[in-house]
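Residues per chain are reported as follows:
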Amino acid sequence: VDKWGYAAFFFACLASVGTALARSNVLFIDLNNAASEIRAVRDSLRLNSELHVIPSTHRFNNSVRAQILEVQARIVSATEVATHCPARNLKQCRVQWAALRQLELQRERLTQRYGIEQIVEDISEIDARALDAIDIVVISGHHGNGYFRGEIAQLDIDDLLRVDAEFPALFGRVRTLILLGCDTGTPALFSDVFARLFPTARLMIGSEDSAPTRNE
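To start, this report covers the structure provided alongside it. Everything numeric here is computed off the predicted structure, so don't read it as measured data.

Further remarks concern the sheet that holds strand S3 (residues 136-140). Hydrogen bonds between backbone groups are what pair the strands of a sheet, and the pairing can be parallel or antiparallel. Overall, parallel pairing links the 5 strands, which are arranged S2-S1-S3-S7-S8 in an open sheet. Looking at which strands have only one partner, the edges of the open sheet turn out to be strand S2 (50-54) and strand S8 (203-205). Neighbour-to-neighbour, the strand axes of this sheet turn through a mean angle of 10°, independent of strand direction. Taken together, the 5 bridges between strand S1 (residues 25-30) and S2 define a ladder with parallel strand orientation. Note on S2: the bridge partner recorded for Ile29 is Ile54. Sitting on the sheet, helix H8 (residues 187-197) touches strand S7 (176-180) and S8, and the angle it makes with S8 is about 120°.

Now the structure itself:
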């Protein structure tokens, strides 16, 4: 997909947020530290709309999110170096692998191993009336075979089923579902998974192959 395809994809997402209802209530599950996507959704909302972001700002403020972003950038660079380490230089490779492991541990400390238990806790902090009125759900993260992951957390279909069980009214009024991840827009995934989780959804947006990154 070229940059114009990405632009059209995200424009469709924002248009659906802005026009779904005069007043929208959005739940944004941010697994990938996607501040730019959150900002774009917030800017598209109409007056008196509400945006609820998971993880909450009580978990990770802007400073912590920036630290997670910086560590992840170092992980990407270290992974590239470690991947191309020549087998003949085993001693040096071990040093690189150890450094990569330390970066992963640093990221885990920053994210506090945020997972489904904490997601449930953060959702439970949202006012019950707001949860009952959620009409748009956005999930942002890398995706493959029904499994979402990102810099902050990971989430699979069973986790979404648990959220649905813990908060029976949460998905019951959702009219728009936006999935910001690769291979989220396949007919099988829509019909077998998301149509069942979001029975009232009139519009589901995903990508049939590569999706835009958080900065595109």
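So that's the structure; there's more coming.
For the rest of this paragraph, the subject is the packing of aromatic side chains. Note on aromatic pairs: each is described by the distance of the centres and the angle between the planes. Applying the stated rule across the entire model yields 2 aromatic pairs. Residues Phe60 and Tyr114 carry aromatic rings whose centres are separated by 5.7 Å and whose planes lie at 65° to one another, so their mutual orientation is edge-to-face. With a gap of 54 residues between them, Phe60 in the loop between S2 and helix H3 (62-83) and Tyr114 in the loop between helix H4 (90-111) and helix H5 (116-124) connect regions that are remote in the sequence. Pair check on accessibility: Phe60 and Tyr114 agree, each one buried. On the basis of an interplanar angle of 45° and a centroid distance of 4.4 Å, the ring pair of Phe171 and Phe198 is categorised as tilted. Of this pair, Phe171 sits in the loop between helix H7 (157-166) and S7 while Phe198 sits in the loop between H8 and S8, and the two are 27 residues apart along the sequence. Each member of the pair, Phe171 together with Phe198, is buried.

Turning next to the pattern of salt bridges. The final tally for this structure, using the stated rule, is 9 salt bridges. When the shortest N-O distance is used, the salt bridge between Glu70 and Arg74 registers 3.8 Å. Of this pair, Glu70 and Arg74 both sit in helix H3, 4 residues apart, which is roughly one turn of the helix. Note on Arg74: relative accessible area 38%, which makes it partly exposed. A salt bridge links Arg113 to Glu108; the shortest N-O distance between them is 3.0 Å. According to the relative accessible area criterion, Arg113 is exposed, its value standing at 61%. Among the charged side chains, a salt-bridge network with shared partners connects Arg59, Glu121 and Asp122.

Val137, Leu170 and Phe194 are the most contacted members of the largest nonpolar core, which totals 44 residues. A per-element tally of this core places H3 first, with 6 residues. Ignoring any residue separated from it by four or fewer positions in sequence, one finds Phe194 in contact with Phe148, Leu160, Leu177, Leu179, Thr184, Leu189 and Met204. Counting 11 residues, the second-largest nonpolar core is a separate cluster that includes Val26, Ile38, Leu45 and Leu51.

What follows is about the state of the cysteines. On inspection of all chains with the given rule, the structure shows 1 disulfide. The disulfide partner of Cys85 is Cys93, and the gap between their sulfur atoms is 1.8 Å. With the S-S bond torsion at -100°, the cross-link from Cys85 to Cys93 turns out left-handed. For the residue pair Cys85 and Cys93, the accessibility class agrees, reading buried in each case.

Analysis parameters
Residues numbered from 1 in each chain as written. Predicted model: local features only at pLDDT ≥ 70, side-chain atom pairs only at ≥ 80, totals over all residues. Heavy atoms only, no water. Pairing = 2+ DSSP bridges. Helix = DSSP H or I, 4+ residues; strand = E, 2+ residues; numbered from the N terminus. Axes fitted to C-alpha atoms, helices over the stretch in contact; angles between N-to-C directions. Contact = heavy atoms within 4.5 Å. Phe/Tyr/Trp six-rings, centres within 6.5 Å; stacked < 30°, edge-to-face > 60°. Buried < 20%, exposed > 50% of the residue type's maximum accessible area, 1.4 Å probe, protein only. Salt bridge = Lys/Arg side-chain N within 4 Å of Asp/Glu carboxyl O. Core = buried A, V, L, I, M, F, W, Y, C linked by side-chain atoms within 4.5 Å. Disulfide = S-S within 2.5 Å.

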